[in-house]
Amino acid sequence: SVRRNVAINPVAALPAKTLLHELGHVILGHTQDDSTLPREVRELEAESVALLCSEALDLPGAAFARGYVQEWATSDDLTDDVAGRIMTAADTILRAGIPRT
């Protein structure tokens, strides 16, 4: 099953960045029962999505996200497939806020 609910602590230091991170998990399929990606890759992907979206939307938290990405990233984990999933998920979130004409 796919879980699509997220909860953000109302007193979180960076609620927008945290929301983007959690949305990244949902969009990337990390909340599915059959997700087999290692935790390091799931966290790298979700935090990279949060970083890209925070930067694109000029939201606070990008510096924190950058440090978190560096903490989780290894050269073995950052493959072309992972980079593609990150870019697609970030694009999905950013396009969700664009009105359709």
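A. Structural detail: the overall build of the protein. Scanning the protein from N- to C-terminus turns up 4 helices and 0 strands. Reading the secondary structure of the protein in the N-to-C direction produces α-α-α-α. Over its C-alpha atoms the protein spans a radius of gyration of 13 Å, differing by no more than 12% from the 13 Å that the globule rule assigns to 101 residues. Along the first, second and third principal axes, the C-alpha set of the protein runs to 35 × 30 × 30 Å. Within the span of the protein, comprising 101 residues, buried residues form 33% of the whole. Of the contacts formed within the protein by residues at least 6 apart in sequence, a portion of 66% connects residues at least 24 apart. Summed over its atoms, the accessible surface of the protein is roughly 6400 Å², and 54% of this surface lies on carbon and sulfur atoms.

B. Layout of helix α2 (residues 39-57). Taking 1.5 Å of rise per residue, the 19 residues of α2 would be expected to cover 27 Å, and the 27 Å separating its terminal C-alpha atoms lies within 8% of that figure. Three or more residues of α2 are buried, namely V41, E43, L44, E45, A46, E47, S48, V49, A50, L51, C53 and S54.

C. Structural detail: the nonpolar core. Counting residues in hydrophobic clusters, the biggest one holds 17 residues, and the most contacted among them are L20, L44, V49, L51, C53, V82 and I93. Counting only elements with at least two residues in this core, the list comes to α2, α3 (62-72) and α4 (80-96). Setting aside anything within four residues of it in sequence, one finds I93 in contact with L20, L23, G24, I27, V49 and C53.

D. Quick look at the pattern of salt bridges. One pass over the full model with this rule turns up 4 salt bridges. A salt bridge links E45 to R85, with the shortest nitrogen-to-oxygen separation between them at 2.5 Å. Here R85 lies in helix α4 and E45 lies in helix α2, a separation of 40 residues in the sequence. D91 is the partner of R95 in a salt bridge, and the nearest nitrogen-oxygen pair spans 2.9 Å. Here R95 and its partner D91 are both found in helix α4, 4 residues apart, which amounts to about one turn of the helix. A relative accessible area of 54% places R95 in the exposed class. We classify D91 as partly exposed; its relative accessible area is 34%.

Rules behind the numbers
- Residues numbered from 1 in each chain as written.
- Predicted model: local features only at pLDDT ≥ 70, side-chain atom pairs only at ≥ 80, totals over all residues.
- Heavy atoms only, no water.
- Helix = DSSP H or I, 4+ residues; strand = E, 2+ residues; numbered from the N terminus.
- Rg over C-alpha atoms; globule rule 2.2 N^0.38 Å.
- Buried < 20%, exposed > 50% of the residue type's maximum accessible area, 1.4 Å probe, protein only.
- Contact = heavy atoms within 4.5 Å.
- Areas by Shrake-Rupley, 256 points an atom, 1.4 Å probe, with all protein chains shown as cover.
- Expected span 1.5 Å × (residues − 1).
- Core = buried A, V, L, I, M, F, W, Y, C linked by side-chain atoms within 4.5 Å.
- Salt bridge = Lys/Arg side-chain N within 4 Å of Asp/Glu carboxyl O.

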